[in-house]
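Listed here are the chains, written in short residue letters.
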Amino acid sequence: MIAQQVITLLLIGYFIYLIDSKRNYFPVPVILVLIGIGLSYITFFDSVFITKDMIFEVFLPALLFTSAYQFKYNDLKDNFGIIAILSTVGLVLTAILMGYGTFWISELFTPLTLTASFLLTSILIPTDPVSVTAILKRSKGEKRIADVVEGESMVNDGTSVVIFTIFLSMFATGERFSTLNFLTEFLIVSAGGIGIGFIFGFLLKRLMIVSYKKHELVMLTIVTAYGAFYLADALEVSGVLATVTAGMMLSHELGTKEDYESVQRHLDGFWDIVIPILLALLFLLIGIEATSYLSVSLWTFAVLLFLLSIVTRFVVVGGLVYSVPVWRKEFKDDLTATSLLTWSGIKGTMSIALVLWLEAENIAGASEMISLAFAVILLSLILQSIGVYPLTTYLTNKHDE
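The structure presented is a predicted model; accordingly, all values stated were derived computationally and were not measured. (Residues numbered from 1 in each chain as written. Predicted model: local features only at pLDDT ≥ 70, side-chain atom pairs only at ≥ 80, totals over all residues. Heavy atoms only, no water.)

Helix and strand counts for the chain come out as 17 helices and zero strands. The C-alpha radius of gyration computed for the chain amounts to 20 Å, which stays within 12% of the reference 21 Å derived for 401 residues, consistent with globular compactness. Projected onto its principal axes, the C-alpha positions of the chain cover 60 × 55 × 45 Å. In the chain, buried positions account for 55% of the 401 residues. Across the chain, every contact between residues at least 6 apart in sequence was considered, and the portion connecting residues at least 24 apart equals 81%. (Helix = DSSP H or I, 4+ residues; strand = E, 2+ residues; numbered from the N terminus. Rg over C-alpha atoms; globule rule 2.2 N^0.38 Å. Buried < 20%, exposed > 50% of the residue type's maximum accessible area, 1.4 Å probe, protein only. Contact = heavy atoms within 4.5 Å.)

All right, on to the pattern of salt bridges then. Tallied over the entire structure, the rule returns three salt bridges. One salt bridge in this structure joins aspartate 53 and lysine 52, with 3.7 Å as the shortest N-O distance. For aspartate 53, a relative accessible area of 40% puts it in the partly exposed group. Residue glutamate 253 pairs with lysine 205 through a salt bridge whose shortest N-O separation is 3.7 Å. Of the two residues, glutamate 253 is situated in helix H11 (residues 239-256) and lysine 205 in helix H9 (residues 179-208); the sequence distance between them amounts to 48 residues. Exposure class is identical for glutamate 253 and lysine 205. Each is buried. (Salt bridge = Lys/Arg side-chain N within 4 Å of Asp/Glu carboxyl O.)

Below, the discussion takes up the packing of aromatic side chains. What characterises a pair of aromatic rings is the spacing of the ring centres plus the angle enclosed by the ring planes. Per the counting criterion, the structure on display carries 15 aromatic pairs. Measuring from centroid to centroid gives 5.0 Å for phenylalanine 44 and phenylalanine 45, while their planes differ by 80°, and the two rings are edge-to-face. We classify phenylalanine 45 as buried; its relative accessible area is 5%. The lysine or arginine in question, lysine 52, covers the ring of phenylalanine 56, its NZ or CZ lying 6.0 Å from the ring centre. Residue placement shows lysine 52 over the ring face of tryptophan 357; its charged tip is 4.6 Å from the ring centre. (Phe/Tyr/Trp six-rings, centres within 6.5 Å; stacked < 30°, edge-to-face > 60°. Lys NZ or Arg CZ within 6 Å of the ring centre and 35° of its normal.)

Two numbers describe how helix H2 (residues 28-39) lies on helix H12 (residues 261-290): the axes approach to 6 Å, and their chain directions differ by 45°. Comparing the axis directions of H2 and H12 gives the class oblique. The handedness of the crossing between H2 and H12 comes out as right-handed. Contacts from Pro29, Leu32, Val33, Ile35, Gly36, Ile37 and Leu39 in H2 reach Leu279, Ala280, Phe283, Leu284, Ile286, Gly287 and Ile288 in H12. Taken together, the residues of the contact of H2 with H12 break down into 12 nonpolar, two polar and no charged. (Axes fitted to C-alpha atoms, helices over the stretch in contact; angles between N-to-C directions. Parallel < 35°, antiparallel > 145°, perpendicular 65-115°, else oblique. Left-handed = near helix turned anticlockwise from the far one by under 90°. Nonpolar A, V, L, I, M, F, W, Y, C, P; charged D, E, K, R; others polar.)

We now examine unusual backbone geometry. With a phi close to 60°, glutamate 236 is a non-glycine residue in the positive phi region. Its place among the elements puts glutamate 236 in the loop between helix H10 (214-234) and H11.

This part takes up the nonpolar core. Judged by nonpolar contacts, the single largest core of 126 residues is most densely connected at Leu9, Met208, Leu267, Leu358 and Met369. For this core, the element with the most residues is H12, which contributes 15 residues. When neighbours within four sequence positions are excluded, methionine 208 is seen to be in contact with Leu217, Leu220, Leu250, Glu253, Leu254, Tyr260 and Val263. Ranked by size, the runner-up nonpolar core spans seven residues in total, among them Ala232, Val237, Ala242 and Ala246. (Core = buried A, V, L, I, M, F, W, Y, C linked by side-chain atoms within 4.5 Å.)

On to the environment of serine 211, then. The residue serine 211 is located in the loop between H9 and H10 in this model. Excluding its chain neighbours within four sequence positions, the residues that come into contact with serine 211 are Glu216, Leu217 and Leu220.

This part is about the environment of glycine 348. Along the chain, glycine 348 turns up in the loop between helix H15 (336-343) and helix H16 (349-361). Taking relative accessible area as the criterion, glycine 348 reaches 2% and is therefore assigned buried. Counting along the chain gives 33 residues from glycine 348 to leucine 381, while the straight-line C-alpha distance between them is 6.7 Å.

Mapped onto the elements, threonine 159 comes out in helix H8 (residues 143-173). Reaching out from threonine 159, the side chain makes a polar contact with the backbone oxygen of asparagine 156 at a distance of 3.2 Å. In this structure threonine 159 touches Ser87, Thr88, Leu91 and Phe186, once residues within four positions along its chain are discounted. (Polar contact = N/O pair within 3.5 Å; in protein donor to acceptor, adjacent residues only side chain to side chain.)

In short, shape yes, function no, at least from these values alone.
Shown next, in the form of structure tokens:
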């Protein structure tokens, strides 16, 4: 990309955010993606592209760290149990059910192997709350659900990457699935990422004591966000979990010490400017990149996979939430919470990163999975983002009757 293209994309992003400031329920990421699809047909943007490395090395560390440190410590503490279960056990159960479902559905079209089905599923299971949580928090009585969705997405980004890398290795080498090997690698990669994140978070907390100026604090958080990610990645453990863990440790520090209110303001002043810029570029680039992968012949298959992802998530979330008496009591036994948690599980940034990762591996037989994944992600972004506010309003009003 050249500077003129970047500036043009930022100008487009500016106008979209400007419009959004006047409308409460405008799904910004969806509009940016649709505009990106339109821009892909303009010659000026022919050389614009996005890669797996760009997402992982430029966009994700900042997005993950900011999401983690701005997630209120008390909200995390109040919802820790359900967030932990949904982003680990829930994610694995979703992968298993949807993996087998994908395998069976593929028999109606171009049959996929079981390993290929699970690899495709691993791309589609992470959630992205970018446009959802703000809408939910503005809705009557839905802040708790918004907190769960946001917290779940932070953690399941890391666990989904671990699951994806395991199935990617199996798909590329033809290795048969082994439950023991899967669980062993899953635990090692996850624990390694969390450990590195803890170290960076600990060092950040200590260095904050001697960092009094705004620019010093901002520089520290930049080094922490990207340093934890890069080091973990170099050691072949989860960079996502490393960055999220470091951010959550900062959230704990800011939430438990009243004299850090000015620190929070300084950090928010920087990151609240950076994040909208990154998101505007990211979703426009996603739209531009997706166009070349969309295949008309695969849309029926993609629609069925999208519906399968909704049904699978509904079954898993409902089963987990209502199997625990405390959660069943807290979220009411009327399926409102399950419906909102299900529909809010939008596929976004991490799914795009994973599908571009699969593309970068240049593995024979992966082209159809890449096209399918892009189609399902776009369906999820568009339909679920647009539907969140009407669904929330309907269920809330129905509950109040």
